[in-house]
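Read off the chains here:
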Amino acid sequence: MNSIGFSWNILSDLAAMWQYDFMRHAFEAGTIVAIVAGVIGYFIVLRRSSFAAHAMAEIGFAGAAGAVLLGINPIVGLLVFTCGGSFAIASLGRKAADRDVQIGTVLAFMLGLGVLFISLYSGYATEAYSLLFGEILGISSTDVLVTLIAGAVLLVAVAVLYRPMLFASLDEDVAEAKGLSIFWIGVAFMLLVAITTSVSVQVVGVLLIFALMVTPAATAQLIAKRPMQGIAISVAIALLATWVGLFISFYLPYPVSFFITGITFLVYVTVRFIFNS
Amino acid sequence: MTDKEVVIEAKDLSGGYPTNTVWEKASFSIKKGEFVGVLGPNGAGKTTFFRMLLGLSKPIKGSLTIFGNIPSRGNPKIGYIPQRHPIDSETGIEALQIVRLGLDGNRWGIGLSKDNTDKAMAALKIVGAEELAHRPLGALSGGELQRIFLAEALVGEPELLLLDEPLANLDIKRESDFVELIHDVVRSRGVTVLLIAHNINPLLPVLDRVIYVASGRVTDGKPSEILTSESLSKLYGIPVEVLKDSHGRIAIIGTEEPVHEHE
């Protein structure tokens, strides 16, 4: 990908790659996204809402493609569509995880809508490609700032909603009897997923978002006994995958997304194998 | 018994859904410390009654009071075990965590106070499940899970326990063990218990009162008054026979569904 060669001195390697703005921005945004995706992902897996989260990404794709068509920042379209999608999915009922048929039909339609917008745009196929698979090496300093603000808002929201979200995820009926509104917790949770999806798309794209939001958390779920521990493990795996992925891709002419998804998958399979035997 | 305070009072109460009354004209009162079995066929509206007590659904007609007030959601005096507790077998979270949520899961924030963890541990001790505290929920058996859920219901030191079919999925031995456990816990604390069950037999040694819901009607009284051929025939409106074996176990014959499932 560039002329600078790999040396075994990792620090000097990092210093070399951080001379480039695009690499620095990639590391900055990637780090923030890995943290929030790891945190929110833990709740997604706990609630067994990974399909809803996947649908959210596809809904976001239609929004982003629409924004590209209108000539505005894709993140605006992402946020508008995914936040709308949050209410739609939450209103499907208490057990969003069981509504996979309804979610699936919406998902397919949204993907189709996204394809239409992209073709109407008649611009470059690269736009579609980067929305679907991520474009972490094309992140601007403004994007980093937006990601940072969104990430901070998300973490504060999770801290406030922490116990009710855990309770409603683990033991919905008792949580409801204890006075929690399962509906509004569901909406709040899907909104958190919506915002996380919107900022994660720039790193791994809508099709690969699973790799950052679900795979590390699913791994953590197998190991952790306490929720805080689970969140920490989930974040650690997402961070590791993002950093190592970016590092490798600096030297090799293959997409970062592949390395990130590959690493999280490898960790998941390894942990599963160890825990099953 | 008569001088004890009334915990639950129903007057001419009808329950069900806005479009569909499931049972009507129920009047009864439950006093502090009573162990009450709520019996009746599936779909008779037993869980509906619990949801009314929890403030999750409203009476269609009549009045219902609990500790002298109209039921409201989030009443800290109530401990609740719902029916069919779904636990993902891959959930690695330890039992202690869910018990703790029973205490402070409805509060905002992260809440890392050691105090509440100690209280959760104490609740596990009460149900004799201390050694399960750090075991993953997904790895526990049905009987072990029921003890964890009981600890979760007890951790807030409730005055009333609502247990919706806690004996389902337990074998005969574990059924009686669990009933005995509940009985010990509540007798020593003066807690009132309403327990929905399909099989009356494991409950017979401990029951003070029976609420029987069937055919849109509700009847209540002492087990010896309600669990008779005469009273159940009147309730169902069809001939029903209550048979007793030499151990005092009973079987109810002639209802649309075998109430007596095991053995």
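Residues numbered from 1 in each chain as written. Chains lettered and ligands numbered in written order. Predicted model: local features only at pLDDT ≥ 70, side-chain atom pairs only at ≥ 80, totals over all residues.

Here the focus is the overall build of chain B. Scanning chain B from terminus to terminus reveals seven helices and 11 strands. Scored against the burial criterion, the 263 residues of chain B give a buried share of 40%. A separation of at least 24 residues holds for 64% of the contacts in chain B among residues at least 6 apart in sequence. (Helix = DSSP H or I, 4+ residues; strand = E, 2+ residues; numbered from the N terminus. Buried ≥ 20, exposed ≤ 12 C-beta atoms within 10 Å, placed from the backbone. Contact = placed C-beta atoms within 7 Å.)

Let us look at the sheet that holds strand β4 (residues 61-66) of chain B. Residues and elements named next belong to chain B. Strand order in the open sheet made by the three strands is β2-β1-β4, with antiparallel pairing throughout. Looking along the sheet, the strands with just one partner apiece sit at the ends: β2 (20-31) and β4. Strand-to-strand twist across the sheet, computed as the mean angle between neighbouring axes with direction ignored, equals 20°. The strands that helix α1 (residues 46-53) touches are β1 (6-17), β2 and β4; relative to β1, the one it contacts most, it runs at about 120°. (Pairing = 2+ DSSP bridges. Axes fitted to C-alpha atoms, helices over the stretch in contact; angles between N-to-C directions.)

All names here are of chain A. Put simply, helix α2 (residues 21-46) and helix α12 (residues 227-251) touch, their axes get as near as 8 Å, and they point 155° apart. The orientation of α2 with respect to α12, classified from their angle, is roughly antiparallel. Classified by chirality, the crossing of α12 by α2 is right-handed. Between α2 and α12, the residues in contact are M23, A26, F27, G30, T31, A34, I35, A37, G38, V39, G41 and Y42 and G230, I231, S234, V235, I237, A238, L239, T242, L246 and F250, respectively. Its residues placed into classes, the contact of α2 with α12 shows 15 nonpolar, seven polar and no charged. (Parallel < 35°, antiparallel > 145°, perpendicular 65-115°, else oblique. Left-handed = near helix turned anticlockwise from the far one by under 90°. Nonpolar A, V, L, I, M, F, W, Y, C, P; charged D, E, K, R; others polar.)

Looking now at the nonpolar core. With 171 residues, the main nonpolar core has I40(A), F61(A), L212(A), V99(B), A151(B), L162(B) and V193(B) as its most contacted residues. With 17 residues, α2(A) is the single largest residue contributor to this core. Excluding its chain neighbours within four sequence positions, the residues that come into contact with L212(A) are V33(A), A34(A), A37(A), S200(A), V203(A), V204(A), A238(A) and I260(A). (Core = buried A, V, L, I, M, F, W, Y, C linked by C-beta atoms within 7 Å.)

Before going further, it helps to spend a moment on helix α5 (residues 172-189) of chain B. All names here are of chain B. Over its 18 residues, α5 extends 26 Å from the first C-alpha to the last, a length consistent with the 26 Å expected when each residue adds 1.5 Å. Looking at α5, one finds that the buried residues are E175, F178, V179, I182 and V186. Down the axis, α5 shows its buried residues gathered within 100° of arc, on one side only. Within α5, the exposed residues directed more than 90 degrees away from the buried face are K173 and S188. Residues of α5 that are buried sit in contact with β3 (35-39), α4 (142-154), β6 (160-164) and β7 (192-196). Phi turns positive, to about 65°, at G190, one or two residues after α5. (Expected span 1.5 Å × (residues − 1). Arc of directions from axis to C-beta.)

Moving on: the confidence of the model for chain A. Residues with a pLDDT of 70 or more make up 96% of chain A, whose mean pLDDT is 89. Taken element by element, chain A is modelled with least confidence in helix α6 (residues 125-133) of chain A, mean pLDDT 79, and with most confidence in α12(A), mean pLDDT 96. (pLDDT = per-residue confidence, 0-100.)

All right, on to the interface of chain A and chain B then. Of the residues lining the interface, 25 residues belong to chain A; the matching set on chain B comes to 26 residues. Counting only elements with at least two residues in the side of chain A that touches chain B, the list comes to α7 (141-170), α8 (172-177) and α11 (215-223) of chain A. For the side of chain A that touches chain B, the leading source of residues is α7(A), giving eight residues. For the side of chain A that touches chain B, the class distribution of residues is 15 nonpolar, two polar and eight charged.

Moving on, we come to unusual backbone geometry. All names here are of chain B. In this structure, K25 takes a positive phi of about 55° despite not being glycine. With respect to the helices and strands, K25 occurs in strand β2. The class for K25 is partly exposed, based on 14 C-beta atoms found within 10 Å. Despite not being glycine, N169 has its phi angle at roughly 70°, a positive value. Mapped onto the elements, N169 comes out in the loop between β6 and α5.

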